[in-house]
Amino acid sequence: MILTRYAGVRVAVGLAQVLGVLVVVFVVASVLPGDAAVVIAADDADPARIAQLRETLGLDRPLLVQLGDWLGGLLRGDLGTSAVSGRPVTEMLSAALAPTLTLAALALAVLIPLAVGLGVAAAVGRGGRVDRTISGAVVALYAVPEFALAIILVAAFAVGLGVFAPTAVGADGPLLWQPELWVLPVAVLVIRPVCSLSRLVRASMITTLDSEYTRHTLRLGVPARRVIWRHALPGSLTPAVQHLARVADWLLGGVVVVEAVFALGGLGQVLVGAVSSRDIPLLMGLAALFALITVTVNTIADIVAFRLNPTAGEAS
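Note that the structure is a prediction, hence the values are computed from the model and not measured. (Residues numbered from 1 in each chain as written. Predicted model: local features only at pLDDT ≥ 70, side-chain atom pairs only at ≥ 80, totals over all residues. Heavy atoms only, no water.)

1. Quick notes on a nonpolar patch on the surface
On the surface, Leu-19, Val-23, Val-27 and Val-31 cluster together to form a nonpolar patch covering roughly 320 Å² of accessible area. By the secondary structure assignment, Val-23 is in helix H1 (residues 2-31). The class for Val-23 is partly exposed, based on a relative accessible area of 30%. (Patch = residues over 30% accessible without salt bridge, like charges linked within 9 Å, V, L, I, M, F, W, Y side chains within 5 Å. Areas by Shrake-Rupley, 256 points an atom, 1.4 Å probe, with all protein chains shown as cover. Salt bridge = Lys/Arg side-chain N within 4 Å of Asp/Glu carboxyl O. Helix = DSSP H or I, 4+ residues; strand = E, 2+ residues; numbered from the N terminus. Buried < 20%, exposed > 50% of the residue type's maximum accessible area, 1.4 Å probe, protein only.)

What follows is the structure in structure tokens.
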């Protein structure tokens, strides 16, 4: 019952956060200079023509009315129509979602086992050669900015060795079945989060391994491997799970940047176009999607962390 009540509160807070993000994005986008009518009438910037376009697009209505209409459509599952292209926003987002989800899923599939494995290995061998090697490598890699890392990887593996493609220009077909296109972007996305997450797992694991209940389990004759993976690791994952939610947020923004750098298309390209063209319906659809993903990931992480923490029920 405690977990159910906590989950209900977190879901309610998450929905309020999504609504707040949408309102802020709408207000900020609306006060920016220019609008979709100006963009469409770029070659014919006659004031009468712009006024006619604003009336046709509904941009002459009060902002509260525009926001209310859009939120009403959102409740019905309708994200509206792009002010520039005239295509349904849902259709545009669906077409661009596949590359973004593919990159994010591949990054998480590599990130989680690699970070946990490195953190556990460093914790078990703390103070030894393995710990010093892993700690030194992750600190050094974490200090390298993403854009510099992308340039180094492209220069070394795409231009120098020719193993991978530097960009996806001219490529066709599903991204998942073309590893030469996604290996370098995934590496750029994963390296820094692996460094931070593995260090957190290492610190938490060391604390758990030094605890009295872990030592008592070893004294009972339970094999060390079982103690590490079945007893110590689950108790060490609470801070890692919460940090993973923040990493997922970072990945969501990182995917947008990486898509632009490697010309992969996806939501990053759609976002850049929506901002440059002041396409508010498309921008709001993207904001709703990003906010929903971010809030959902953080809510799930909080609930899982609450469940993993053996003292959560007592603390509440």
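Back to the text.
2. Observations concerning the packing of aromatic side chains
Each aromatic ring pair is summarised here by two numbers: the centre-to-centre distance and the angle between the ring planes. The full count for this structure, using the stated rule, is one aromatic pair. Above the ring of Tyr-142, the side-chain terminus of Arg-192 is found at 4.3 Å from the ring centroid. (Phe/Tyr/Trp six-rings, centres within 6.5 Å; stacked < 30°, edge-to-face > 60°. Lys NZ or Arg CZ within 6 Å of the ring centre and 35° of its normal.)

3. Side note on helix H5 (residues 89-124)
In this model, H5 (36 residues) spans 51 Å end to end at C-alpha, consistent with the 52 Å of a helix rising 1.5 Å per residue. The largest bend in H5 comes to about 40°, at Leu-97, with the proline Pro-99 one to four residues further on. (Expected span 1.5 Å × (residues − 1). Bend = angle between axes of the 7 residues up to and from the residue.)

4. Some remarks on the side chain of Ser-198
Take Ser-198: it is sitting in helix H8 (residues 179-209). Those residues in contact with Ser-198 that lie beyond four places of it in its chain are Ala-115, Leu-118, Gly-119 and Val-138. (Contact = heavy atoms within 4.5 Å.)

5. With respect to the nonpolar core
Judged by nonpolar contacts, the single largest core of 43 residues is most densely connected at Leu-103, Leu-111, Val-120, Leu-189, Met-205 and Phe-262. Broken down by secondary-structure element, the contributors of at least two residues to this core are H5, helix H6 (129-142), helix H7 (146-160), H8 and helix H10 (224-261). Of all the elements, H8 adds the most residues to this core, at 15 residues. Sequence-distant contacts of Leu-111, that is, excluding residues within four places in its chain, are made with Val-190, Pro-193, Val-194, Leu-197, Leu-244, Val-247 and Leu-251. By size, the runner-up hydrophobic cluster in this structure holds 26 residues, among which are Leu-67, Val-256, Leu-286 and Ala-287. (Core = buried A, V, L, I, M, F, W, Y, C linked by side-chain atoms within 4.5 Å.)

Everything listed here is a matter of coordinates, which is why it stays silent on function.
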